[in-house]
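Structural description and commentary
The chain contents come next:
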Amino acid sequence: MVPDAALPFFLARPPQASSPEELARAARGGDPAAFEILVKRYERRVYGLAHHHLHDPDEAQDLAQEIFVRLYRNLDRFDPGRPFEPWFWRLAANVAVNYGRRRPPPASDRDPQPAAARVPGEWLPLEGALADLDPGLRLPLLLHYYLDLGLADVATALELSLPAVKSRLHRGRRLLRRALSEEG
Amino acid sequence: MAGSCLAVRAQLEALVDGEVSERTARLLRAHLTQCPECREHYAAAASLPGRLRTLGSPEPPPTLLAATLREVGRERAGALQIWGLFAAEVALVLIAAWYLSGLSGLLELAGHTAGDVGGWLSWFGGQAAVPAPVANDLFLLLICGLLVLVTLCHLVLLSRRGSAHTS
């Protein structure tokens, strides 16, 4: 049994098992511990998105950090009555799109060597082929398949129509398939 | 590779997603039963969504959490600073309002100011001694000066925060 004196401690710190909606609500109310748990819970997937999108460890960390800072700034816009994840991934996608627009052209545009040849040796062929894909095709693939975002959410995040998202997914997968079959 | 193979391979993703008409799907499947190469492409097309779903998630750098919390802490401190300045502005406005005490206070202040200006003009023209400043007016001037200063700081902070949010 938890002694009475320790109760405030347990009440003050949001448990790790809290739902993301509860954590977001607590973080919105100014609870830094709740925000920290949210970051810990999503950092792997957020960093994964950034890593597969930018294929540069430093830039990926920068983008991942920006996504979390933007989450903190926008917490008051989150409706706790709705699921947290679609809202959060839309926001993350938005930040990723704008990050891509803001940064200088990728090295692959200046460097004739394909990104797949520059990425670390432990990368899978699929990761290399993905890195070589145009960002406009790569991001919808990452959002829909890697992050499991619904087509409508991808469309909203990327400000595209649903048919445009489907078309980009098909095109992206077709190019990946070709690249992989050429490698194989 | 036959031209029909090219046409078939261009539609494999749509076939996997069930986004071709029944007739087209029948034609594509008929081709696949006869063409082992296109069948290989179909297998690759069918497996790609699953492979993308299970793409590895690299370990985030250990500094990510600390750097994020530091940045958010700075944001929080910035917000407190902005609200703190707002509180100071409200307090200064209330002091000035209380000091002016409505229309009569304003008229009194206008009268004092006119008297002060007249006194200074007379002193400048050599017709009178240096006018003694009214302590109340000096105090009000100080409050107004402080208010302008705090408001300027507030505006600078807000504009910096605004540009950080939009960048």
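What you see is a predicted model, and the numbers here were worked out from it, not measured in a lab.

Let's shift gears to the side chain of glutamate 89 of chain B. Residue and element names in this part refer to chain B. Here glutamate 89 lies in helix H5 (residues 63-100). Look at glutamate 89 and you get buried, because its relative accessible area is 12%. Within the structure, the side chain of glutamate 89 is placed 3.0 Å from the side chain of histidine 154, a separation counted as a polar contact. What glutamate 89 contacts, discounting residues up to four positions off in sequence, is Leu147, Val150, Thr151 and His154.

All names here are of chain B. Summarising the element assignment, aspartate 137 is placed in helix H7 (residues 135-166). Given the relative accessible area of 14%, aspartate 137 is considered buried. Residues aspartate 137 and histidine 112 lie 25 residues apart in sequence; the distance between their C-alpha atoms is 7.8 Å. Apart from the residues lying within four places of it in its own chain, the contact partners of aspartate 137 are Leu109, His112 and Asp116.

Residues and elements named next belong to chain B. Taken over all residues, the pLDDT of chain B has a mean of 83, while the share at 70 or more is 92%. Here H7 is the element of chain B with the lowest mean pLDDT, 76, and helix H3 (residues 22-34) is the one with the highest, 94. Here the complex is predicted with pTM 0.68, and the ipTM for its interfaces comes to 0.75.

Interface size, as often reported, equals the accessible area lost upon joining of the parts. Every contact between the two is made by 36 residues of chain B and, on the other side, 37 residues of chain A. On the chain B side of the contact with chain A, Glu13, Leu52 and Leu55 of chain B bury the most area, a combined 17% of that side's loss. Where chain B touches chain A, the interface holds four salt bridges. Close ionic contact of glutamate 19 of chain B with lysine 166 of chain A constitutes a salt bridge, the shortest N to O distance being 3.7 Å. At the surface where chain B touches chain A, the tally comes to twelve residue pairs in polar contact (both at pLDDT 80 or more). If you list the elements that add at least two residues to the side of chain B that touches chain A, you get helix H2 (12-16), helix H4 (36-53), H5 and H7 of chain B. Of the residues forming the side of chain B that touches chain A, the biggest block, ten residues, is contributed by H5 of chain B. Across the side of chain B that touches chain A, the residue classes tally to 19 nonpolar, seven polar and ten charged.

Calculation notes
Residues numbered from 1 in each chain as written. Chains lettered and ligands numbered in written order. Predicted model: local features only at pLDDT ≥ 70, side-chain atom pairs only at ≥ 80, totals over all residues. Heavy atoms only, no water. Helix = DSSP H or I, 4+ residues; strand = E, 2+ residues; numbered from the N terminus. Buried < 20%, exposed > 50% of the residue type's maximum accessible area, 1.4 Å probe, protein only. Polar contact = N/O pair within 3.5 Å; in protein donor to acceptor, adjacent residues only side chain to side chain. Contact = heavy atoms within 4.5 Å. pLDDT = per-residue confidence, 0-100. Buried area = accessible area lost by both parts, 1.4 Å probe. Salt bridge = Lys/Arg side-chain N within 4 Å of Asp/Glu carboxyl O. Nonpolar A, V, L, I, M, F, W, Y, C, P; charged D, E, K, R; others polar.

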